[in-house]
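# Observations on the model geometry
Residue-level listing of the chains:
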Amino acid sequence: MSPRLKISKYVIERLSKLNTNEPTGCLYGLMYDSTLLVVGLSLEFFENEQKTYRQLLLHLPAEIELCGVIKFSETLSIESKPKEIFQDVDITDNPLFIVISREKEIKAHFLVHDKFEETSYEVLQTDELWKQFIHVRLNTVVPLTCEATITGVKNIMQNKRKKIASGQVSFQIDSTSIYLFGVASDVGVTGTSTEANIGELIDSIGPEQPSKKKKHSISKVEIVPVNLVLKTTKDMLSDKLVKTAVKMMTTQRKPSFCISMPLRVDTLAMIHRNTKLSELYTVLVEAACRSLKLLEYVLLEQLGQEGIGDGAGLRLPEIFHFLPPELGHFITRVVPKGIPDESMESERRSLHEQLSLPLDRPMFRRGNAYPSKSGKLINPHEAIPPQPIKPDVTVALVRGRYSYHHYMQDNFNDDGWGCAYRSMQTIFSWFKFQGYNTIDIPTHRDIQYCLVNIGDKASAFLGSKQWIGSTEVMFCLESLLGVQSRIIFANTGAELLSYTPELVHHFERHGSPIMIGGGVLAHTILGVEYNSVTNETRYLILDPHYTGADDISVVISKGWCGWKNSDFWNKTAHYNLCLPLTKPAI
C-alpha cells in the first residue's frame, strides 16, 4: 500500500515560480506515520553520470532522503520515466513521480508494482511544518591525526564513521540527564521512559511560561542540542577483545607528513515531534556520518591542491547551516577556514542553480548562516500576530534577517539623540546577515569618525551628541559598505502617501530596511501595506526610541515594532527617506 502524500507549501510556491529548461529534477522528503512529506527539490541532469543529487543529500538534514522525481512537461501525461534514479530511493518502496505542466498544474504518482498510480496530496502549510517538525543538532569535536595523504584521510574518516555506526558511542540530550545508547548496550535510553517522544521532551524542558513564549516567539524553528559521548571503558571479558599471537614484520618507510587537528562535527536531523527517543539514536548516527563525509570531501579537496600535498597549508574545515526563506529546509556547507567568500562564488552559484534559487542575492555566505550571532532581538516583526489576507491589498516586507538596535543598548546612553544612529545600525545588521559583507556593525563613534573622515562633519563632531539624518546615513553606507542609497524627500507627512508605490517596489526589489527622518525623530520602515481600493497605506515601523530591555513581549505589545497608519507621520513635518540599494551578488 502506497503512503499518504503531503507536499510542503515551500515546494509548491517554488514550483509555481519556477521557470527552467531542465526536463527533470529530484524530490526530497521524509517519512512519518505512513506519510511521505516532500520538503525539497533540485534540478538534475539524469543523462550524465555525475548524479549530483547524491552529493546534495549530504548537505541536507538527516532523515531527509531522495524520494522521487519531478518532470517538467508541456502536458501532464507520463511520456517517459527516469527509472534509473528510482533505484536510489530507499525511503519508500513506492517512489514518487510528479509531473508539472507549463500552466503549473501538478499531478503526483506513486510507482506501485512497476506501474504509476495517480495519487492525491495535501499541502502542508508553513506554520504547520514548523509546529510538527523539529531539528536535532549534534555538535561535538573529534580529534583527527593521520598521514597527510589522500589515502590517510580516507582511511581515518572511514574508521571514525565505522566507530560511530558500530554503537560504541552514546548521545546526551543537552541540559538533561537523558542518554541514548546503541547496539553495543542493552540499555537503549536512560533518564526517561523509552516510550517518550521528542515533542514531549521539548515541552517538559521548556520555560516556565511556555504559552507566553509561544505567543511572542520570533523563531519558527525548534532546535534540540545533543552531545556525543565516546565510550571510554570496555568489557574485559568480551570475546572480541581476546588477543591472539601474530607474526610481525618490520618495513622501512620514507618520512611522511602528519595531519593533526580538531574536527568539529556539527550536523542536523529533521524529525517529527512524535518520534520516540528510542528511535533517535540511529537518526543521530546517520547525521554524524553525513557530517564526517562532508568534512572528508573538504580535506581531500585541499590535499589535491598544489602546495598542500604535505598538509602544511591545510585549513581547518568550518561548518555552517543555512535556512534560505525560499527553501523551508536547512542546507549545510563545510568550507575551509579563512577562505574569503568572494573566492567561493562558483561553488555557491552551482548550488543556487541546482536548488533553483535566485542568482541576484547571497544565500550561502557566512553572514547568511543560521542562527544569527547577535545578542539582540532578531526580526521582532515576525512576532506580530499575522493578519488575515485581504483582497486588493499589497504587502511588501523586509527580506531576510536584521537585529533590532535602539536607545541605551551596549551600555551606551544615547537617549534623545541617537535614533538615526540606531536605525543605521539596524540597516548595517541587515547587510551583514544577508552576506553582502562581513563588516562589524559600527558604534556611534565609528559613524561620527566616518562622517568626519569624509569631510561631511568638522572634527568637533567626534564624541558629540549631535543628531544625524538620512543623508548622513547614506554617506556612511557608501563609505563603510560601498552601498549606494536613494533619497526620497517628502515636504509633509501627508505627501508620504504618494511614495507608497516606490516603497513597495523597494521592498520587492531590494528588501532592505528604510531609514526615515523627520523633525527630530528617526524611524526604521520594515514594510508597507497598500490598499488599492481605499488608497490607504500602513507602515511597519521599528522604533529606535525604545529604552527598555530586549524583551520581545514588551516590544510587540507596546507597539515599538508594529503597523502604523499614515497619521503616524506629522502632517506638517518634512521627511527624508534613505532607501539602501542592493547589487546582484551570490
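This text gives an overview of the structure that appears in the document. (Residues numbered from 1 in each chain as written. Predicted model: local features only at pLDDT ≥ 70, side-chain atom pairs only at ≥ 80, totals over all residues. Heavy atoms only, no water.)

Okay, the overall build of the protein next. The secondary structure content of the protein amounts to 14 helices and 23 strands. Within the span of the protein, comprising 586 residues, buried residues form 51% of the whole. On the protein, roughly 29,100 Å² of surface is accessible, and the fraction owed to carbon and sulfur atoms is 51%. (Helix = DSSP H or I, 4+ residues; strand = E, 2+ residues; numbered from the N terminus. Buried < 20%, exposed > 50% of the residue type's maximum accessible area, 1.4 Å probe, protein only. Areas by Shrake-Rupley, 256 points an atom, 1.4 Å probe, with all protein chains shown as cover.)

Taken together, the side chains of Trp-467, Val-520 and Leu-521 present a nonpolar region at the surface, about 310 Å² in accessible area. Here Trp-467 lies in the loop between helix 11 (444-453) and helix 12 (470-481). (Patch = residues over 30% accessible without salt bridge, like charges linked within 9 Å, V, L, I, M, F, W, Y side chains within 5 Å. Salt bridge = Lys/Arg side-chain N within 4 Å of Asp/Glu carboxyl O.)

Once that is clear, we can look at the pairing of strand 19 (residues 514-518). Burial runs high along strand 19: five of the five residues are buried. Taking every second residue as pointing to the same face, both faces of strand 19 are buried, with Ile-514, Ile-516 and Gly-518 on one and Met-515 and Gly-517 on the other. Where strand 19 and strand 20 (residues 521-531) come together, five bridges link them in antiparallel fashion. Residue pairing in the sheet places Gly-518 in a bridge with Leu-521 of strand 20. Counting the residues in the hairpin turn of strand 19 and strand 20 gives two residues, including Gly-519, whose phi is positive at 65 degrees. Two elements, strand 19 and strand 23 (residues 575-580), share four bridges in a ladder whose sense is antiparallel. Looking across to strand 23, one finds that Gly-518 is bridged to Tyr-575. (Pairing = 2+ DSSP bridges.)

Ranked by size, the top nonpolar core spans 65 residues in total, and within it Leu-15, Tyr-28 and Leu-96 carry the most contacts. Grouped together as the second largest cluster of nonpolar side chains are 61 residues, Tyr-404, Tyr-421, Val-473 and Leu-496 included. (Core = buried A, V, L, I, M, F, W, Y, C linked by side-chain atoms within 4.5 Å.)

Right, let's talk about the sheet that holds strand 9 (residues 133-147) for a bit. Judged by pairing direction, the sheet is mixed, and its six strands sit side by side in the order 12-11-10-13-9-14 without closing on themselves. Both outer strands of the open sheet, strand 12 (189-190) and strand 14 (258-272), are each paired with one neighbouring strand and no more. In this sheet, strand 14 lies alongside strand 9 in antiparallel orientation, the contact comprising 15 bridges. Its bridge partner lying in strand 14, Thr-140 is registered against Val-265. The strands touched by helix 8 (residues 280-303) are strand 9, strand 10 (169-173), strand 11 (179-181), strand 13 (223-230) and strand 14; relative to strand 14, the strand with the most contacts, the crossing angle is about 140 degrees. (Contact = heavy atoms within 4.5 Å. Axes fitted to C-alpha atoms, helices over the stretch in contact; angles between N-to-C directions.)

Turning our eyes to something else, we now look at the layout of surface pockets. The computed volume of the second largest pocket comes to approximately 570 Å³. Considering the residues around the second largest pocket, the lining is formed by 26 residues, among which Phe-320, Arg-366, Ala-369, Pro-371 and Lys-373 are closest to the centre. Elements with a contribution of two residues or more to the lining of the second largest pocket: strand 14, strand 15 (317-322) and helix 10 (419-433). No other element matches the five residues that strand 15 contributes to the lining of the second largest pocket. (1 Å grid on protein atoms, 1.4 Å probe; cavity = no way out; pocket = protein on both sides within 12 Å on 5 of 7 lines; lining within 4 Å. Points joined across faces, edges and corners; volume = space filled by probe spheres on them.)

Scanning all chains against the criterion turns up 20 aromatic pairs. Between Tyr-539 and Trp-569 the ring centres are 5.5 Å apart and the planes differ by 85 degrees, which places this aromatic pair in the edge-to-face class. On the criterion of sequence distance, the pair formed by Tyr-539 in strand 21 (residues 537-542) and Trp-569 in the loop between strand 22 (561-565) and strand 23 is long-range, its members being 30 residues apart. Across this residue pair, the class does not change: Tyr-539 and Trp-569 are buried. Here Phe-568 and Trp-569 contribute two aromatic rings whose centre-to-centre distance is 5.0 Å and whose plane-to-plane angle is 75 degrees, an arrangement assigned as edge-to-face. Relative accessible area serves as the criterion here: at 31%, Phe-568 is assigned to the partly exposed category. Accessibility expressed as a relative area gives 3% for Trp-569, which makes it buried. An aromatic cluster is built from Tyr-539, Phe-568, Trp-569 and Tyr-575, whose rings are joined through pairwise contacts. (Phe/Tyr/Trp six-rings, centres within 6.5 Å; stacked < 30°, edge-to-face > 60°.)

On to the packing of helix 10 against helix 12. Packing of helix 10 against helix 12 brings their axes to within 11 Å, and their N-to-C directions diverge by 35 degrees. In the crossing of helix 10 with helix 12, the sense of the turn from one axis to the other is right-handed. Facing helix 10, whose interface residues are Ala-420, Met-424, Ile-427, Phe-428 and Phe-431, helix 12 presents Val-473, Cys-476, Leu-477, Leu-480 and Leu-481. Here the contact of helix 10 with helix 12 is composed, by residue class, of 10 nonpolar, no polar and no charged. (Left-handed = near helix turned anticlockwise from the far one by under 90°. Nonpolar A, V, L, I, M, F, W, Y, C, P; charged D, E, K, R; others polar.)

A separate point is the sheet that holds strand 1 (residues 4-8). Read from one edge of the open sheet, eight strands run 7-6-5-4-2-3-1-8, paired in mixed fashion. Edge strands, defined here as strands with exactly one partner in the open sheet, are strand 7 (115-119) and strand 8 (122-124). For this sheet the average axis-to-axis angle between neighbouring strands, irrespective of direction, equals 35 degrees. Both strand 4 (residues 65-72) and strand 5 (residues 96-100) contribute to a ladder of five bridges, which runs parallel. The residue of strand 5 that forms the bridge with Lys-71 is Val-99.

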